[in-house]
Amino acid sequence: MVIRSALIYLSRQEGLKEFAARFSLFKRLTTRFIAGESTDEAVAAIRDLNARGCSASFDHLNEAVGSVAETEAEVVEYLDVLARIEQTGLDSNVSIKLTQFGLVIDPELAYRNARRIVTDAVGRGNFVRVDMEGSHATQATIDLFKRLRAEFGLNDVGIVVQSYLYRTMDDVRDLLKIPARIRLCKGAYLEPPEVAFPEKKAVDDNYVRVMQVLLSSGVYHGIATHDPKMIDATVDFAQREGIARDAFEFQMLYGIRRDLQEQLARDGYRLRVYVPYGKHWYPYFMRRLAERPANIWFVLKNLLK
Ligand SMILES: Cc1cc2nc3c(=O)[nH]c(=O)nc-3n(C[C@H](O)[C@H](O)[C@H](O)COP(=O)(O)OP(=O)(O)OC[C@H]3O[C@@H](n4cnc5c(N)ncnc54)[C@H](O)[C@@H]3O)c2cc1C
C-alpha cells in the first residue's frame, strides 16, 4: 500500500519524466506497457492484436493538459487516428480523457473538443469511450458525458466507472436509466478513504456487484480487469443467467496478462485491448508500476543490469 501510494504520488510529478526519459533503458522498459511514441507504432500494435483475435482502443497518452493549444493538438491527433482506423480497416475505437481536452482549463472547452471527436467518430461508424480520472473529475466527467449522450446514440459514446468509489453503484443505476454503455474498472488513482474503499476486498466485492448489475441490464458493456477472480465471477454469472458471450466484452491493458488475453479470445469471449501510446507516457507508466510490486523489481533489475 505504501509503495502504491508512493508510486502514484511520483506519477503526478511530470518533471521526473524528463529525468527518467534521459535513461534510454528506462524508456525501453516502458515498451512493455506502451505501444510507442508515434501513431504508426500504435497502428502496428493494433494490427497485431487484431490478427490475434482482439479488438482495441487507441489511447493517446496525455492528461491534465494546461494550454488551449495543447488541447487542440490532442483533438487533431484523435481526428487523425479516427481517419486512420477507417482507412486501414482496423478493429478499434478510441478512448479519451477529458482533462486531455481541457477539463481543468474550462469544462466548456473540454465539451466542445470531445464533441468534435464524437461527431467525427459517428460519421465513421466508430465509438468513443470517455475514460474516468481522479475523483476531483468524477462529477464533471459524468455531467459532460451526459450532455454528449443526450446528443449522440448509445453506440456512439460511452463512459467508465471505478468500483473503488463508494458512489459508483448509484452512478451506474443513474447512467443505466439513460441508458449508457459503461466500462467497469477497479480504479487507478490514489483516493482518500472519504471517497473510496481503502480495502482491496471491498473494491473487489463492489466490482462483482456492479458487474452483475451491468450484465443484467441488456446493454453492451466492457468488463475491464486482469484479475482472474473478477473474470471467473463474470463468466460464472453470465453462464448462470444465460447471458451470451457476445453480449459484453472483456477489456485489458496493452502488455498485461497477454496469456489471459489470448485464453479468453480462444474461449470465444470478446476481448478489447486498450493501447496507450504517445510522448506523455510517464504518469500512465507509473500507475502500472503501482499496481503490481513485481513490476518495480522488473524495472529495477533491468536498470541495474
Ligand atoms: C481496458 C482498461 C481500461 C481502464 N480504464 C481506466 C479508467 O478509465 N480509469 C481508471 O481509473 N482506471 C482504468 N483502468 C485501470 C484499472 O482501474 C486498474 O487500475 C487496473 O486494471 C488494475 O486492476 P485489475 O482489475 O487488473 O486488478 P488488480 O487487483 O489490480 O490486479 C489483478 C491481477 O492482474 C494482474 N495485473 C494487474 N495490473 C498489472 C500490472 N500493472 N502489471 C502486471 N500485472 C498486472 C496481476 O496478475 C494482478 O494480480 C483500466 C483498466 C483496463 C484493463
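Residues numbered from 1 in each chain as written. Predicted model: local features only at pLDDT ≥ 70, side-chain atom pairs only at ≥ 80, totals over all residues. Heavy atoms only, no water.

(A) Representation of the site of the ligand in the model. Around the ligand, a shell composed of 25 residues is seen, among which Lys186, Gly187, Lys200, Thr225 and Glu291 lie nearest. Gln162 places a side-chain nitrogen or oxygen 2.9 Å from an oxygen atom of the ligand. For the ligand, the accessible surface in isolation is 930 Å², of which the surrounding protein chains cover 89%. Of all the elements in the fold, those that place two or more residues in the shell around the ligand are strand 4 (157–162), strand 5 (181–185), strand 7 (248–253) and helix 12 (282–291). If you tally residues by element for the shell around the ligand, the top one is strand 7, at 3 residues. Here the residues of the shell around the ligand sort into 10 nonpolar, 6 polar and 9 charged. (Near = heavy atom within 4 Å. Polar contact = N/O pair within 3.5 Å; in protein donor to acceptor, adjacent residues only side chain to side chain. Areas by Shrake-Rupley, 256 points an atom, 1.4 Å probe, with all protein chains shown as cover. Helix = DSSP H or I, 4+ residues; strand = E, 2+ residues; numbered from the N terminus. Nonpolar A, V, L, I, M, F, W, Y, C, P; charged D, E, K, R; others polar.)

(B) Spotlight on the packing of helix 6 (residues 107–123) against helix 7 (residues 138–151). Between helix 6 and helix 7, whose axes approach to 10 Å, the crossing angle comes to 40°. When you trace helix 6 past helix 7, the crossing you get is right-handed. On helix 7, the residues touching Pro107, Glu108, Ala110, Tyr111, Ala114, Arg115 and Val118 of helix 6 are Leu144, Arg147, Leu148 and Glu151. (Axes fitted to C-alpha atoms, helices over the stretch in contact; angles between N-to-C directions. Left-handed = near helix turned anticlockwise from the far one by under 90°. Contact = heavy atoms within 4.5 Å.)

(C) Looking closely at the pattern of salt bridges. Taken as a whole, this structure holds 22 salt bridges when the rule is applied. The partner of Arg52 in a salt bridge is Glu262, with the nearest N and O atoms 2.5 Å apart. Remark: Glu262 occurs in helix 11 (residues 258–266) and Arg52 occurs in the loop between helix 4 (39–51) and strand 1 (55–60); sequence separation between them is 210 residues. Taking relative accessible area as the criterion, Glu262 reaches 29% and is therefore assigned partly exposed. With a closest N to O distance of 2.7 Å, Asp174 and Lys146 form a salt bridge. You can see Asp174 sitting in helix 8 (residues 168–177) and its partner Lys146 sitting in helix 7, a full 28 residues away along the chain. (Salt bridge = Lys/Arg side-chain N within 4 Å of Asp/Glu carboxyl O. Buried < 20%, exposed > 50% of the residue type's maximum accessible area, 1.4 Å probe, protein only.)

(D) Summary view of the nonpolar core. If you look at the biggest cluster of nonpolar residues, it comprises 72 residues, and the most contacted ones within it are Phe58, Ile182, Phe250 and Val275. Apart from the residues lying within four places of it in its own chain, the contact partners of Val275 are Ala35, Ala45, Ile46, Leu49, Ala56, Ser57, Phe58, Asp59 and Tyr254. Residues Ile34, Tyr274, Trp281 and Ile296 belong to the second largest nonpolar core, which totals 13 residues. (Core = buried A, V, L, I, M, F, W, Y, C linked by side-chain atoms within 4.5 Å.)

(E) Representation of the sheet that holds strand 2 (residues 92–96) within the structure. Pairing in this closed barrel of 8 strands is parallel, and the strands run 1-2-3-4-5-6-7-8 around the ring. Here the average twist between neighbouring strands, direction ignored, is 30°. Relative to strand 4, strand 3 (residues 128–130) runs parallel, the two sharing 3 bridges. Opposite Val130, over in strand 4, you have Ile159 as the bridge partner. Taken strand by strand, helix 5 (residues 68–88) contacts strand 1, strand 2 and strand 8 (271–277), and its axis lies near 170° from that of strand 2. (Pairing = 2+ DSSP bridges.)

(F) Here's a closer look at a nonpolar patch on the surface. A surface patch of nonpolar side chains, about 250 Å² in accessible area, is lined by Val68, Val104 and Ile105. Mapped onto the elements of the fold, Val104 is located in the loop between strand 2 and helix 6. (Patch = residues over 30% accessible without salt bridge, like charges linked within 9 Å, V, L, I, M, F, W, Y side chains within 5 Å.)

(G) Here's a closer look at the pairing of strand 7. The buried fraction of strand 7 is high, at 6 of 6 residues. Burial along strand 7 is two-sided: the residues Phe248, Phe250 and Met252 and Glu249, Gln251 and Leu253 are all buried. Across 4 bridges, the pairing between strand 6 (residues 221–224) and strand 7 is parallel. In the strand pairing of strand 7, Gly222 is matched with Glu249. For the handedness criterion, the β-α-β arrangement of strand 6, helix 10 (residues 228–241) and strand 7 is classed as right-handed. (Right-handed = clockwise from strand over helix to strand, strands pointing away.)

(H) Quick look at the pairing of strand 1. Taking burial as the measure, the 6 residues of strand 1 include 6 buried ones, the bulk of the element. Examined bridge by bridge, strand 1 and strand 8 share 6 bridges and lie parallel to one another. Residue Ser57 lies in a different strand from strand 8, and its bridge partner there is Tyr274. Two elements, strand 1 and strand 2, share 4 bridges in a ladder whose sense is parallel.

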